[in-house]
Amino acid sequence: MVNYKDMFSLKNKTALIVGGAGGLGKPIASALVQNGADIAIADLRSEQAGDLKEVVKAEGKKFLAIKTDITDEQSTEDMAILTRKTFGKIDILINAAGINILKKAEEYDAATWDRVISINLKGVHLATKAVGKVMIQQQYGRILNISSVRSILGMSQDYIAYCASKGGVNMYTKQIACEWAKYGITCNAIAPTFTRTPINAFQLDDPGFYDTLVKRIPLGRICTARDIVAAAVYLCSDAAAFITGQILCVDGGITIIQ
């Protein structure tokens, strides 16, 4: 009989979570640890990932925090080098850093546009490129990008750079999957609907905004961190070894009813 018992296990894996001190990166990092992985956190605010040390300690795993500017090529190269030096390998890369700056399209100045695109899209490339070199040498890797349903669904206003950047993340995911499949590397993305994080809490705290949003979601609620980490653990495990280039909408059905 085939043994399926540990097919979702991340035991003996090393995961690098870019944006791991953030609202989505931190719960993903915690879930990966609890499912067996050693973790490195790369973030401009790496000190804010300190509370993950307790989770890591409880699970008997290894932890590394690296201050990283994902918009700077040398910083991402140093990130990959230090992670590999510390753990000997990098099995999993999570690209979870992201921002949004709310402005109407006709008021979206070049500096604001460049900041959103630089973090949400350029940062994904620089981190992936740096870590990809390690994975190519290993002939193994799992890359997971955090996209958004805003990559395929627009908003009434204020999301022009965010939507464009996440649409870019989707195609970037597919192209890396095509180019690096021959190295045993998969690349997928998760596209959640609204999930409460520090960057959108003010919107979700508005009853009018929240109620209108939830009414559009067939399952009748917003996304939670648990919903996202469940998908992340799966796509980073060897259970998903034959899945690549896919954008998984973790959205309660909102994209099927619009």
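Fair warning: this is a prediction, and the values are worked out from it, not measured in the lab.

J.: Honestly, the packing of helix H1 (residues 25-34) against helix H8 (residues 225-236) in this entry has me stumped. Any pointers?
T.: Each pair of packed helices gets described by two things: the angle between the helix axes and the distance between those axes. For the pair H1 and H8, the least separation of the axes is 9 Å and the interaxial angle reads 50 degrees. Considering their axes alone, H1 and H8 lie oblique with respect to each other. For the crossing formed where H1 meets H8, the hand is right-handed. Across from Pro27, Ile28, Ala31 and Leu32 in H1, the residues of H8 making contact are Ala225, Ile228, Val229, Ala232 and Val233.

J.: I keep staring at the pattern of salt bridges and nothing clicks. Help me out?
T.: Pairing between side chains becomes possible if they bear opposite charge and their charged atoms approach one another. Here the structure, examined in full by the defined rule, presents eleven salt bridges. The salt bridge involving Lys129 is made with Glu77; its shortest N-O contact spans 2.9 Å. Highlighted residues: Lys129 in helix H4 (residues 110-138) and Glu77 in helix H3 (residues 73-87), separated in sequence by 52 residues. For Glu77, a relative accessible area of 16% gives the class buried. If you follow the salt bridges from partner to partner, you end up with Glu73, Glu77, Lys129 and Lys133 in one network.

J.: Whenever I open this one, the layout of surface pockets confuses me. Can you help?
T.: Sizing a probe to match a water molecule and rolling it over the atoms shows the empty space that remains. Computed from the structure, the largest pocket encloses a volume of approximately 910 Å³. Forming the boundary of the largest pocket are 39 residues, of which Ala96, Ala97, Gly98, Ile99 and Ile199 lie nearest the centre. For the lining of the largest pocket, the elements supplying multiple residues, two or more each, are strand S2 (38-43), H4, helix H5 (160-180) and helix H6 (201-204). Considered class by class, the residues forming the lining of the largest pocket number 19 nonpolar, 14 polar and six charged.

J.: What should I look at first to understand the environment of Val124 in this one?
T.: Mapped onto the elements, Val124 comes out in helix H4. Sequence separation between Val124 and Asn188 is 64 residues; the distance between their C-alpha atoms is 13 Å. Look past the residues within four positions of Val124 in its chain and what remains in contact with it is Asn95, Ile119, Asn145, Val169 and Tyr172.

Criteria and cut-off values
- Residues numbered from 1 in each chain as written.
- Predicted model: local features only at pLDDT ≥ 70, side-chain atom pairs only at ≥ 80, totals over all residues.
- Heavy atoms only, no water.
- Axes fitted to C-alpha atoms, helices over the stretch in contact; angles between N-to-C directions.
- Helix = DSSP H or I, 4+ residues; strand = E, 2+ residues; numbered from the N terminus.
- Parallel < 35°, antiparallel > 145°, perpendicular 65-115°, else oblique.
- Left-handed = near helix turned anticlockwise from the far one by under 90°.
- Contact = heavy atoms within 4.5 Å.
- Salt bridge = Lys/Arg side-chain N within 4 Å of Asp/Glu carboxyl O.
- Buried < 20%, exposed > 50% of the residue type's maximum accessible area, 1.4 Å probe, protein only.
- 1 Å grid on protein atoms, 1.4 Å probe; cavity = no way out; pocket = protein on both sides within 12 Å on 5 of 7 lines; lining within 4 Å.
- Points joined across faces, edges and corners; volume = space filled by probe spheres on them.
- Nonpolar A, V, L, I, M, F, W, Y, C, P; charged D, E, K, R; others polar.

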